[in-house]
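Below, each chain spelled out in residue letters.
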Amino acid sequence: MSEGTVTSADGTTIAYTAWGAGDPIVIVDGATAYRATNPLNQETAELLADEFLVINYDRRGRGESGDTPPYVVEREFEDLEAIIEQAGQGRPVTVFGWSSGGNLALNAAQDGVPIARLALFEPNAAVDNARPPLPGDYVQRLDAAVAAGRPGDAVALFMTAAVMLPEEAVAGMREQDFWAGLEAIAPTIAYDGRQVGDTLSGKPLRSELWNKIDIPVLVMHGIDTWPALAAGSRAIAAHLPTSTLTPVPGEEHSTTPDVLAAALRAFIKEN
């Protein structure tokens, strides 16, 4: 295992951890997650390190990575590209994205970031009434709460509107020790909102969305996950002509390192 940094196009420092050697796999976390809070990434990387170079990085504004305003979605494409340039050295790079990190990865591939394969776990989509759509002013409300010095309200909005937790459950979470850590990265929750865009609107995915993606795509969802998350994965897989939909053991928007490592290994070997 080694740690390092890369410099993104706008000068922002992006911190990463790497394991193993071989063709690279880059892991992109979803909303609120980063290296210090998602042990699944390290455990998965250690299982793959015999054959692959696995890189997990802190998205901008989280963990040990910097942030340079103003935010636009393209800055995170540049961050990912800087990581890929560091890892790739001319080798084909597989990008794996959790949840809204999968949306980011799709957006980056659409924008031309050099990715050989995409693997996604429960990327965000809602094209019917399987779940309530995100409010149309979701991102604006997140930004307003942070600007007004109320990061906890931004986190609460994310938990209720995006994660679909009951308000009473979120009220209890505010009393827990981990809440302060969520407030610290609250400004970045709107970043994911922008990456998700209108894919959680309850309307069919736009025909031009991701229409330039012609690389192999693996879309996974947990067999016992929340039904709305499985429905979203199915919608995205149906939208992408080069995709394969694979239900895997898992529940509540997650799976286990052994399941994920085996799925990624098989996908790369087959493509």
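Conventions used here
Residues numbered from 1 in each chain as written. Predicted model: local features only at pLDDT ≥ 70, side-chain atom pairs only at ≥ 80, totals over all residues. Heavy atoms only, no water. Salt bridge = Lys/Arg side-chain N within 4 Å of Asp/Glu carboxyl O. Helix = DSSP H or I, 4+ residues; strand = E, 2+ residues; numbered from the N terminus. Buried < 20%, exposed > 50% of the residue type's maximum accessible area, 1.4 Å probe, protein only. Contact = heavy atoms within 4.5 Å.

### Looking at the pattern of salt bridges
A side chain with one charge can pair with a side chain of the opposite charge if their charged atoms come near.
Line of reasoning, step 1. Applying the stated criterion across every chain, the model contains 18 salt bridges.
Line of reasoning, step 2. The salt bridge partner of Arg 60 is Asp 10, with a shortest N-O separation of 3.1 Å. Separated by 50 residues along the polypeptide, Arg 60 in the loop between β4 (52-57) and α2 (73-88) and Asp 10 in the loop between β1 (2-7) and β2 (13-20) bring together distant segments of the chain.
Line of reasoning, step 3. In this structure Arg 60 comes out as buried when scored by relative accessible area, which is 1%.
Line of reasoning, step 4. Here Asp 10 falls in the partly exposed class, since its relative accessible area comes to 27%.
Line of reasoning, step 5. Among the salt bridges present, the one from Glu 208 reaches Arg 206, with a minimum N-O distance of 3.3 Å.
Line of reasoning, step 6. One salt-bridge network, held together by shared partners, links Asp 10, Arg 60, Asp 67 and Asp 79.

### Brief notes about the environment of Arg 117
Line of reasoning, step 1. Among the structural elements, Arg 117 can be located in strand β6 (residues 117-121).
Line of reasoning, step 2. Separated by 25 residues in sequence, Arg 117 and Pro 92 have C-alpha atoms that sit 8.1 Å apart.
Line of reasoning, step 3. Those residues within four positions of Arg 117 in sequence are excluded, and the remaining contacts are Pro 92, Val 93, Thr 94, Val 95, Ile 215, Pro 216, Phe 267, Ile 268 and Asn 271.

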